[in-house]
Amino acid sequence: MSGFSESWLGLREPADLRARDAALAARAAAFVQAKEGGDPARIVDLGCGTGSTLQALHGQVPGADWLLVDNDAELLSAAVRRAETLGAQARALETDLTELAAIPFDGVRLVTASALFDLAAGDFVDALVQRLSTAGAGLYAALNYDGSKEFEPSHPLDGVVMAAFNRHQVQAKGLGGGRALGPAAVSHLTRSFEARGYTVEIAESPWRLGPAETALASAHIAGMADAVAELDVLDRAELEGWRQARLTMAAATTTIVGHLDLLARPG
Ligand SMILES: C[S@@+](CC[C@H](N)C(=O)[O-])C[C@H]1O[C@@H](n2cnc3c(N)ncnc32)[C@H](O)[C@@H]1O
């Protein structure tokens, strides 16, 4: 178990699918399809969870050969099961992503990831970019949290809770040494790829949660409050007051959570 439950990933997947920038996803797919030679284009999906990126891209990259990588065996099995249901060609590799040497990148056309790089430390990103550059592979990394959240109507404590939550985001998450990049993930990826001659494109992919997504909005509020409680920087009663008020208002609140999608192509 990685701490990312199948039920949480299932709850967020429809919002993620709607949020992905369609034009950037289409350019990522076109890059895959432009591969020359007879073999199927190979795609490696890092931190696949239950395979949300395969679900999002499969229709645009028919015939691609997917390798799904995660350190959570249960999520990996679910990802492969769902890929087979779609008719996609997919295999699983259970490994920690920091064991980059265990992941075969040679001959890979595109590496994909979603909701992953905000968990990563800078040294992991740089080592990965170096591997991709050596292999000549591109990267499509969707749904990287950018540090922004808006609630309408607002609550007086939204600002302090969000600031504390963003501090929690940069605590070490075990994906590389030291602190996670959190909202700085996309700028770090961009610098690292551009230093190796890649062309990088970025597009916004915010969640826009309204009354139809109350279950996800409520789980998101609970997740924020739990993360902030771990830091012990806010008065407990105030934080619980914020949590309860936000949960009570959830069905009548519009929530925007900022994300960025990135496509990096070599040359
Ligand atoms: C937020 S989830 C995103 C899952 C999926 N990409 C999606 O968009 O639904 C992060 C995923 O990264 C995986 N992960 C996190 N750290 C990892 C590590 N060090 N090695 C392998 N997988 C890791 C988790 O198991 C989880 O499946």
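Quick note: structure is the one above.
Structural notes, computed from the coordinates.

Looking at the overall build of the chain
So, point 1. Within the chain, the regular secondary structure consists of 9 helices and 8 strands.
So, point 2. Rg of the C-alpha trace for the chain: 19 Å, near the compact-globule value of 18 Å for 267 residues, within the 12% margin.
So, point 3. Taking the principal axes of the C-alpha coordinates as reference, the chain spans close to 60 × 35 × 30 Å.
So, point 4. Each of the 267 residues in the chain was classed as buried or not, and the buried ones make up 43%.

What about the nonpolar core?
So, point 1. In terms of nonpolar packing, the biggest core is built from 77 residues, with W66, L68, F117, A120, A141 and L189 touching the most fellow members.
So, point 2. Among the elements that line this core, the one with the most residues is helix α8 (residues 214–231), at 6 residues.

Some details on the environment of D70
So, point 1. By the element assignment, D70 lies in strand β2 (residues 65–70).
So, point 2. Each C-alpha atom, one on D70 and one on S187, is 24 Å from the other, the two residues being 117 residues apart in sequence.
So, point 3. Contact partners of D70, with chain neighbours within four places excluded, come to G47, C48, G49, L75, L76 and E94.

Section: unusual backbone geometry
So, point 1. In this structure, P153 follows E152 across a cis peptide bond, with omega equal to 5°.
So, point 2. Relative to the helices and strands, P153 resides in the loop between β5 (138–152) and α6 (158–169).
So, point 3. Positive phi, close to 50°, is recorded for A115, a residue that is not glycine.
So, point 4. With respect to the helices, strands and loops of the structure, A115 is situated in the loop between β4 (110–114) and α5 (122–135).
So, point 5. With a phi angle near 60°, L143 is a residue other than glycine that sits in the positive phi range.
So, point 6. Here L143 lies in strand β5.

Things to note about the pairing of β2
So, point 1. Within β2, 5 of the 6 residues are buried, which leaves it mostly tucked inside the rest of the structure.
So, point 2. By the bridge criterion, 5 bridges tie strand β1 (residues 42–46) to β2 in an arrangement that is parallel. Following the sheet pairing, R42 is matched in β2 by D65.
So, point 3. After leaving β1, the chain enters helix α3 (residues 52–57) and then returns to the sheet as β2, a path that is right-handed.
So, point 4. In the sheet, β2 pairs with strand β3 (residues 89–94) via 6 bridges, with the strands oriented parallel. When the sheet's bridge partners are listed, D65 is paired in β3 with Q89.
So, point 5. Traced from β2 through helix α4 (residues 73–86) to β3, the parallel crossover comes out right-handed.

Notes on helix α7 (residues 185–194)
So, point 1. Taken residue by residue, α7 has A185, V186, L189, S192 and F193 as its buried positions. All buried residues of α7 project into a common sector of 130° when viewed along the axis, lining one side.
So, point 2. On its buried side, α7 packs onto α5, β5, β6 (199–204) and β8 (254–265).

A short note on the packing of α5 against α7
A pair of packed helices is captured by two measures, namely the crossing angle of their axes and the spacing between those axes.
So, point 1. Where α5 contacts α7, the axes come no closer than 10 Å and their chain directions differ by 35°. Handedness of the crossing formed by α5 with α7: right-handed. Within the contact between the two elements, α5 uses G122, V125, D126 and V129 and α7 uses H188, L189, S192 and F193.

Let's talk about the packing of helix α1 (residues 6–19) against α8
So, point 1. Relative to each other, α1 and α8 sit at 120°, their axes nearing to 10 Å. Taken together, the axes of α1 and α8 lie oblique to each other. Crossing handedness for the pair α1 and α8: left-handed. Contact residues: W8, L11, R12 and A15 in α1; A215, L216 and A219 in α8.
So, point 2. Split by residue class, the contact of α1 with α8 holds 6 nonpolar, no polar and 1 charged.

Quick notes on α4
So, point 1. Between its first and last C-alpha atoms α4 spans 20 Å; for 14 residues at 1.5 Å apiece the expected length is 20 Å, and the two agree.
So, point 2. On its buried side, α4 packs onto α1, α3, β2 and β3.
So, point 3. Looking one or two residues past α4, G87 carries a phi angle of roughly 85°, positive in sign.

Topic: the environment of Q55
So, point 1. By secondary structure assignment, the location of Q55 is in helix α3.
So, point 2. Overall, Q55 belongs to the partly exposed group, with 18 C-beta atoms counted inside 10 Å.
So, point 3. Through-space distance from the C-alpha of Q55 to that of A29 is 13 Å; in sequence the pair is 26 residues apart.

Quick notes on the rules
Within any chain, residue numbers begin from 1 and follow the written order of that chain's sequence. It should be noted that, the model being predicted, local features are given only for residues of pLDDT at least 70 and side-chain atom pairs only at 80 or more, the latter also being counted only at that level, while totals for whole chains, interfaces and linings use all residues. Helix and strand assignments come from DSSP, with helices taken as H or I runs of at least 4 residues and strands as E runs of at least 2, each series counted from the N terminus. Computation of the radius of gyration draws on C-alpha atoms, with the globule rule given as 2.2 Å multiplied by the number of residues to the power 0.38. Buried residues are those with 20 or more other C-beta atoms within 10 Å of their own C-beta, exposed residues have 12 or fewer, and partly exposed residues lie in between; C-beta atoms are placed from the backbone. To form a nonpolar core, buried Ala, Val, Leu, Ile, Met, Phe, Trp, Tyr and Cys residues must be joined through C-beta atoms within 7 Å. We call two residues in contact whenever the C-beta atoms placed from their backbones are within 7 Å. Any two strands with at least two DSSP bridges between them are considered paired. Convention used here: a crossover is right-handed provided that the path from the first strand, over the helix, to the second strand proceeds clockwise when the strands point away from the viewer. Arc definition: it is the arc formed by the directions from the helix axis to the C-beta atoms. Note on definitions: angles span 0 to 180 degrees between N-to-C directions of axes, and those axes are lines fitted to C-alpha atoms, for helices only across the stretch in contact. By the definition used in this description, the sense in which the near helix is turned from the far one sets the handedness, with an anticlockwise turn below a right angle giving left-handed and a clockwise turn giving right-handed. Here the word oblique covers every angle except those under 35 degrees (roughly parallel), over 145 (roughly antiparallel) and from 65 to 115 (roughly perpendicular). Under the scheme applied here, ten amino acids are nonpolar (Ala, Val, Leu, Ile, Met, Phe, Trp, Tyr, Cys and Pro), four are charged (Asp, Glu, Lys and Arg), and all others, including Gly, are polar. Multiply 1.5 Å by the residue count of a helix minus one, and that product is the helix's expected span.

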